[in-house]
Amino acid sequence: MRPFTAITRGQVRTPSTGYSLEMNPSYPFDPELHQPGSTAAGGRCSWHGTEGTVETECEGEAVVSFQDQQGKWQSGCQRALEELVDRGQIEPLGQSA
Ligand SMILES: [Zn+2]
């Protein structure tokens, strides 16, 4: 166990923005966690379509499943995963395994 683990639950203050965020656990992508027929259930990245930086649907393959700030299941491609971890919104994939 690294000391870092202590701050992966609850409120995390990010130096760059100054406001605190909930950090959610991340899981290896599992289509069964997502609503049938949704982008995520189809193995695609849903995060870039809703909250992300591109307007068109992300072409990336989903590699991670996680719950967003509203508790809604989202899937993310590799880029989404890296960005979310960077922002401190989700844990790095496989950290708790
Ligand atoms: Zn994406």
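Scroll up for the structure.
What counts as what
Residues numbered from 1 in each chain as written. Predicted model: local features only at pLDDT ≥ 70, side-chain atom pairs only at ≥ 80, totals over all residues. Heavy atoms only, no water. Donors = N, O, S within 2.8 Å, 3.2 Å for Na, K, Ca; no water. Tetrahedral: all angles 85-135°; square planar, octahedral: opposite > 155°, others 65-115°. Pairing = 2+ DSSP bridges. Helix = DSSP H or I, 4+ residues; strand = E, 2+ residues; numbered from the N terminus. Buried < 20%, exposed > 50% of the residue type's maximum accessible area, 1.4 Å probe, protein only. Polar contact = N/O pair within 3.5 Å; in protein donor to acceptor, adjacent residues only side chain to side chain. Contact = heavy atoms within 4.5 Å.

Attention now goes to the coordination of the zinc ion. Here the zinc ion is held by the protein donor atoms C45 (SG), H48 (ND1), C58 (SG) and C77 (SG), which lie 1.8 to 2.4 Å from it. Coordination at the zinc ion is tetrahedral, judged from the 4 donor atoms that bind it and the angles of 106 to 114 degrees they form at the metal.

Attention now goes to the pairing of strand 5 (residues 73–76). Of the strand pairs in this sheet, strand 4 (residues 64–67) and strand 5 are connected by 4 bridges, and their pairing is antiparallel. The partner of F66 across the bridge, within strand 5, is Q74. Between the end of strand 4 and the start of strand 5, which pair antiparallel, lie 5 residues, with G71 showing a positive phi angle near 80 degrees.

The subject of this paragraph is the side chain of N24. Its place among the elements puts N24 in the loop between strand 2 (20–22) and strand 3 (26–28). Given a relative accessible area of 15%, N24 falls into the buried group. Engagement of the side chain of N24 in a polar contact is seen with the backbone oxygen of Q67, the distance being 2.5 Å. Not counting residues up to four positions away in its chain, the partners in contact with N24 are Q67, D68, Q69, Q89, I90 and E91.

Here the focus is the pairing of strand 4. Sheet analysis places strand 3 next to strand 4, joined by 3 bridges and oriented antiparallel. Opposite P28, over in strand 4, you have V64 as the bridge partner.

What is shown is where atoms sit, not what they do.
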